[in-house]
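# Fold and geometry: a report
Chain by chain, the residues:
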Protein chains: 2
Amino acid sequence: MKVSTSTNQSFDPLAGGIFPAACPSRTVLDHVSSKWGVLILVALAQGPQRWSELRRRAQGISEKMLAQTLKTLEGDGFILRDAQPVIPPRVDYSLTSRGSELVALLVPLLEWINVHAEDIVNGQA
Amino acid sequence: MKVSTSTNQSFDPLAGGIFPAACPSRTVLDHVSSKWGVLILVALAQGPQRWSELRRRAQGISEKMLAQTLKTLEGDGFILRDAQPVIPPRVDYSLTSRGSELVALLVPLLEWINVHAEDIVNGQA
DNA sequence: CAGAATCCCATACGATACTG
DNA sequence: CAGTATCGTATGGGATTCTG
């Protein structure tokens, strides 16, 4: 599959699958692009992490949203939940191989955003 | 910049900028990952398009959301609005160079999702 | 520590109608 | 054609409290 990487103007491997209103692609896209999905995914790119670590990393996330986001991502097979039966409880979250594939595509995007964000919100060229 | 593409485990060019709650990166990320942002951007990857074409492409979008999304993306400098003073009105939207950069990162992501979506929502490995 | 449960609100979003 | 205006709803998401 070829995709030229700049000032790209013609392709259409998406035509059949992303744009229809009720398609699997839309569902997955919504999960990933939910307010916290990307952040949790990318946070896990740095290796397995515990609940509280994720909570600290994704600043501003509520417990409810963390739980919900983790469940969705687990349901999609992007992350793995490893609960150890100890007291106090310890649960580690990590990327599955599918999750790693996705994150590999997400990281460049987030990096680009991170680099250009300031100019963008400041309205600079 | 190197980013290994699987079972990737260490980098952190994001540490400083994406995770803080009130940072430009978050703002831009929210714009891009809004329900319709990605779709409109990627639709425009196929070349300049008119309002009604975009509306047809991004199936399910309401006029309100299309207008709002286009304004946000224009405000961020991702797309260009070219209104021609003719009757009936004709307005073409196109990607700016900044928009093209972004889209170049978005397309592989959407393609990946498009390919794997079915398995993901069906709960298959 | 790692959640689940509940309550509640803001706003994202859709449907419809109207306009230059 | 390319929008704007208005209204109503659904739900994303926060705060708080409770539990194994």
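Owing to the predicted nature of the structure, the values given are computational and were not obtained by experimental measurement.

The subject of this paragraph is the protein's contact with DNA strand C. Looking at DNA strand C, there are 19 residues lining it, with R50, S52, R81 and Y93 of chain A together with K64 of chain B nearest. The contact atoms of DNA strand C, taken as those within 4 Å of the protein, divide so that sugar and phosphate hold 59%. One nitrogen or oxygen atom from the side chain of K71 of chain A is found 3.3 Å from a phosphate oxygen belonging to DNA strand C. Separating a sugar or linking oxygen of DNA strand C from a backbone N or O atom of P89 of chain A is a distance of 3.4 Å. Elements that contribute at least two residues to the surface near DNA strand C include exactly α3 (51–57), α4 (63–75) and β3 (90–95) of chain A together with α4 (63–75) of chain B. Partitioning the surface near DNA strand C into residue classes produces eight nonpolar, three polar and eight charged.

Let's shift gears to the packing of aromatic side chains. Tallying each qualifying case throughout the model produces two aromatic pairs over all chains. Plain terms: the ring middles of F78 of chain A and W112 of chain B are 6.2 Å apart, the flat faces sit at 40° to each other, and that makes the pair tilted. Of this pair, F78 of chain A sits in the loop between α4 and β2 (79–84) while W112 of chain B sits in helix α5 (residues 97–121), each in a different chain. By relative accessible area, W112 of chain B is classed as buried at 10%. The ring of F19 of chain A has R57 of chain B lying over it, and the distance from NZ or CZ to the ring centre is 5.9 Å.

So, about the pattern of salt bridges. Residues and elements named next belong to chain B. Counted according to the given criterion, the structure contains four salt bridges over all chains. The salt bridge partner of R55 is E63, with a shortest N-O separation of 3.8 Å. Residue E63 is classed as partly exposed on the basis of its relative accessible area of 47%. A salt bridge links R90 to D92, with the nearest nitrogen and oxygen atoms 2.9 Å apart. According to the relative accessible area criterion, R90 is partly exposed, its value standing at 31%.

Here we take up the UniProt feature "domain: HTH hxlR-type" (unreviewed entry) in chain A. Per the UniProt record, "domain: HTH hxlR-type" (unreviewed entry) is found at residues 23–121 of chain A. The span residues 23–121 of chain A carries 63% helix and 14% strand; its end-to-end C-alpha distance comes to 33 Å.

The full set close to DNA strand D counts 20 residues, and K35 and K64 of chain A together with R50, R81 and Y93 of chain B are the nearest of them. Backbone atoms, meaning sugar plus phosphate, form 60% of the atoms of DNA strand D positioned within 4 Å of the protein. Contact distances for DNA strand D include 2.8 Å between a phosphate oxygen and a side-chain N or O atom of S52 of chain B. One of the side-chain nitrogen or oxygen atoms of E63 of chain B is found 3.1 Å away from a base oxygen of DNA strand D.

A word on the nonpolar core. The tendency in soluble globular proteins is for nonpolar side chains to be buried side by side. Within the largest apolar cluster, 70 residues are counted, with the highest numbers of intra-cluster contacts made by L41, F78 and I79 of chain A together with L41, F78 and I79 of chain B. Each residue touching I79 of chain B, except ones within four places of it in the same chain, is listed here: L41, L44, L70, L73, E74, Y93, S94, L95 and T96 of chain B.

The set of residues buried in helix α1 (residues 24–32) of chain B consists of S25, R26, V28, L29 and V32 of chain B. Seen from one end, α1 of chain B has its buried residues packed into an arc of 165°, which puts them on one side. Where α1 of chain B is buried, its residues touch α2 (37–44) and α5 (97–121) of chain A together with α2 (37–44) and α5 of chain B.

What follows is about the interface of chain A and chain B. Listed by partner, the interface residues are 61 residues for chain A and 61 residues for chain B. Buried area between chain A and chain B, both sides added, is near 5700 Å², and the carbon and sulfur share of it is 67%. Sorting the residues of chain A by area buried against chain B places F19, R98 and W112 of chain A first, and these three jointly supply 12% of that buried surface. Linking chain A to chain B there are zero salt bridges. Linking chain A to chain B there are 12 residue pairs in polar contact (both at pLDDT 80 or more). Taken together, the elements giving at least two residues each to the side of chain A that touches chain B come down to α1 (24–32), α2 and α5 of chain A.

The rules behind these values
- Residues numbered from 1 in each chain as written.
- Chains lettered and ligands numbered in written order.
- Predicted model: local features only at pLDDT ≥ 70, side-chain atom pairs only at ≥ 80, totals over all residues.
- Heavy atoms only, no water.
- Near = heavy atom within 4 Å.
- Polar contact = N/O pair within 3.5 Å; in protein donor to acceptor, adjacent residues only side chain to side chain.
- Helix = DSSP H or I, 4+ residues; strand = E, 2+ residues; numbered from the N terminus.
- Nonpolar A, V, L, I, M, F, W, Y, C, P; charged D, E, K, R; others polar.
- Phe/Tyr/Trp six-rings, centres within 6.5 Å; stacked < 30°, edge-to-face > 60°.
- Buried < 20%, exposed > 50% of the residue type's maximum accessible area, 1.4 Å probe, protein only.
- Lys NZ or Arg CZ within 6 Å of the ring centre and 35° of its normal.
- Salt bridge = Lys/Arg side-chain N within 4 Å of Asp/Glu carboxyl O.
- UniProt positions renumbered as here; feature names shortened; annotations may be inferred.
- Core = buried A, V, L, I, M, F, W, Y, C linked by side-chain atoms within 4.5 Å.
- Contact = heavy atoms within 4.5 Å.
- Arc of directions from axis to C-beta.
- Buried area = accessible area lost by both parts, 1.4 Å probe.

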